[in-house]
Structure formats: C-alpha cells, structure tokens
Amino acid sequence: MGRVRLSVAERREELLRAAVEQIEARGVAAVRIADVASALGVSNALVLYHFSTKEKLVAAAFAYAAEGDLAHLRRVLGRRTTAVRRLRAAVHWYAPTGRAKGWRLWIEGWAAALREPALREVAQDLDRQWKAALTGVIAEGAAAGEFRCADPAAAAWRLTAFLDGLAVQMTAYAATYPRATLLSWADEALARELGHPDGTPGSPPPGAAGA
C-alpha cells in the first residue's frame, strides 16, 4: 500500500517530529538527513526538498519542539488563579524529574548553538519568549500585592538559570535525587524570588496587601 499523500504543512510537521526523535536518540552531531528519511520510509531528496540543509532541519526541529513547550507554558500561566499558583505550576512542570528525556534535546541544542548560527538564533529567540512569559506573570503578581519583586525580569532569569543548571546536573551526571527533592528545591528558589526566603511561595510576605 502506498503512503498517504500529505499536504506540505503536514509533511513538514511529520519530518520535524521525526527529526526531534532522531536528535534525542543520536545527538545533533551524529544525526543525518538519512536517519530522518529512513525513520519515515522516504527519500533523502524529500527531506532536502523541505529543508535544504541538515542545519536548517535541526534548527526547525528545535523551534518545533520548543513551540510546543511554549504553548504549554502559556496555558499554565494563563490559568484563572493567583500569580503564585501559576508560577509554582510552571516551575514544577519545567523542573527536571530525573528521567529528563526532553532535557537531553535542549542540552544538545545549547551545545550545538555554540557552533551553528541558525540554531543559536532560534535558541535565543525561544529563550527570550520563555523568560518574557515568566516575567509578565511575576510583574502581575507583584502589582497585585501577592508578593514583592523589584525586578521581575531578573527574577525570571535567575529562576530559569537555576532550573536549566539543575537539568544539566540531572541529565549529564545522572544524579539520583528523587523528584520530590527537586521540586522542593524549585519551590525554595521560587520562594526566594517572591520575597519568601524562609517559607513557601504560597504564603504572603510580611506587609503584603491582604496579609
């Protein structure tokens, strides 16, 4: 039986999904156009028709995977509840859990971006969007008096830097801390950024509105 004929958009998405899977399995340096083509049972020429070089395919694959994560983050941060609860849910979702399959993709991307200008541009743009989403909710919560934060943008940077570093430790060095411990560390980092250095991010700081 022949393959179902797909639209251009459907074919591109199929290729991008396959590329993400191959990058996760093989790494950026080792993955080839032929690996993506073989995974789908199509020709190398078809892959190159949609993505003229391996570099463009890899950059598009990272953008595709990250856009899915960004869409999820925006759904979490857009819930109708307090800023604190939204931030805590986002941090818990973003924090590595020890299995960290998705984190291998991002660590591969960060390393490859040092050498690949196209991938570096994609990674920087996605990182800016990620931090901007967190910054907006932190600023919203501070304005509503849920907590105190003098510099929401800096807080978002520190939070993501902490979680990114934790992911590298868990993924590259196979640390064995349980998920509950990782989440408690994430809660502590969030609490510090929201003015609760000795408590959880769910409790109002002294002098906050409504306290």
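Residues numbered from 1 in each chain as written. Predicted model: local features only at pLDDT ≥ 70, side-chain atom pairs only at ≥ 80, totals over all residues. Heavy atoms only, no water.

**A closer look at the overall build of the protein chain**
Then comes step 1: Secondary structure summary: the protein chain contains nine helices and zero strands in total.
Then comes step 2: Helices and strands appear in the protein chain in the N-to-C order α-α-α-α-α-α-α-α-α.
Then comes step 3: Going through the 211 residues of the protein chain one by one, you find that 41% of them count as buried.
Then comes step 4: Pairs at least 24 residues apart make up 65% of the contacts formed inside the protein chain by residues separated by at least 6 positions.
Then comes step 5: On the protein chain, roughly 11500 Å² of surface is accessible, and the fraction owed to carbon and sulfur atoms is 55%. (Helix = DSSP H or I, 4+ residues; strand = E, 2+ residues; numbered from the N terminus. Buried < 20%, exposed > 50% of the residue type's maximum accessible area, 1.4 Å probe, protein only. Contact = heavy atoms within 4.5 Å. Areas by Shrake-Rupley, 256 points an atom, 1.4 Å probe, with all protein chains shown as cover.)

**Here's the deal with the packing of aromatic side chains**
Here the distance between the centres and the angle between the planes together describe a pair of aromatic rings.
Then comes step 1: For the structure shown, the criterion picks out three aromatic pairs.
Then comes step 2: An angle of 55 degrees between the planes, with centres 5.9 Å apart, marks the rings of F62 and W106 as tilted. Of the two residues, F62 sits in helix α4 (residues 54-77) while W106 sits in helix α6 (residues 101-113), which places them 44 residues apart along the sequence. Grouping residues by exposure puts F62 and W106 together as buried.
Then comes step 3: Taking 4.6 Å as the distance between ring centres and 40 degrees as the angle between the ring planes, the aromatic pair formed by Y94 and W130 counts as tilted. Of this pair, Y94 sits in helix α5 (residues 83-94) while W130 sits in helix α7 (residues 117-143); the two residues are 36 residues apart in sequence, bridging distant segments of the chain.
Then comes step 4: Feature note: the residues W93, Y94 and W130 constitute an aromatic cluster, connected by ring pairs.
Then comes step 5: Here the guanidinium or amino end of K131 rests over the ring plane of W157, the centre of that ring lying 4.4 Å away. (Phe/Tyr/Trp six-rings, centres within 6.5 Å; stacked < 30°, edge-to-face > 60°. Lys NZ or Arg CZ within 6 Å of the ring centre and 35° of its normal.)

Any functional reading would require information that these geometric values do not contain.
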